[in-house]
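Letter by letter, the chains look like this.
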Amino acid sequence: MNKPMTVPCPTCSTTVEWGEQSPYRPFCSKRCQLIDLGEWADEEKRIPGDPAWLPEQDGENDDWNH
């Protein structure tokens, strides 16, 4: 029988078996999943590069303030 594929949890590095028995994969738990989401929301993590669109670029900035 093949050994199941495992991956490290991106938050805590715990080994996670990749399959239906791991509903939060690639995270080991809901807690680690939420920690990662919070880091993206706080902009601690970001994808490098220029933004594709900024409100200031086309005069729509006023809509964002109301």
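Analysis parameters
Residues numbered from 1 in each chain as written. Predicted model: local features only at pLDDT ≥ 70, side-chain atom pairs only at ≥ 80, totals over all residues. Heavy atoms only, no water. Salt bridge = Lys/Arg side-chain N within 4 Å of Asp/Glu carboxyl O. Phe/Tyr/Trp six-rings, centres within 6.5 Å; stacked < 30°, edge-to-face > 60°. Lys NZ or Arg CZ within 6 Å of the ring centre and 35° of its normal. Helix = DSSP H or I, 4+ residues; strand = E, 2+ residues; numbered from the N terminus. Buried < 20%, exposed > 50% of the residue type's maximum accessible area, 1.4 Å probe, protein only. Polar contact = N/O pair within 3.5 Å; in protein donor to acceptor, adjacent residues only side chain to side chain. Contact = heavy atoms within 4.5 Å.

Q: How would you sum up the pattern of salt bridges? Please name residues and give values.
A: The final tally for this structure, using the stated rule, is two salt bridges. When salt bridges that share partners are traced, they join Asp36, Glu39 and Lys45 into one network.

Q: Outline the packing of aromatic side chains, supporting the account with residue identities and numerical values.
A: Within this structure, the stated rule accounts for zero aromatic pairs. When the ring centre of Trp18 is taken as reference, the NZ or CZ atom of Arg25 above it lies at 5.7 Å.

Q: An account of the side chain of Asp36 is requested, with residue identities and associated values reported.
A: Of note, Asp36 is situated in helix H1 (residues 30–41). Assessed through its relative accessible area of 11%, Asp36 is described here as buried. One polar contact links Asp36 to Lys45, side chain to side chain, over a distance of 2.3 Å. Those residues in contact with Asp36 that lie beyond four places of it in its chain are Thr11, Phe27 and Lys45.

Q: Describe unusual backbone geometry, and please don't skip the residues or the numbers.
A: Among all residues except glycine, the phi angle is most often negative; among peptide bonds, the trans geometry is most common. For the bond running from Arg25 to Pro26, omega is 10 degrees, close enough to zero to count as cis. Mapped onto the elements, Pro26 comes out in the loop between strand S2 (15–17) and H1. Located in the positive-phi region is Ser13, a residue other than glycine, with phi close to 70 degrees. For Ser13, the position within the fold is in the loop between strand S1 (6–8) and S2.

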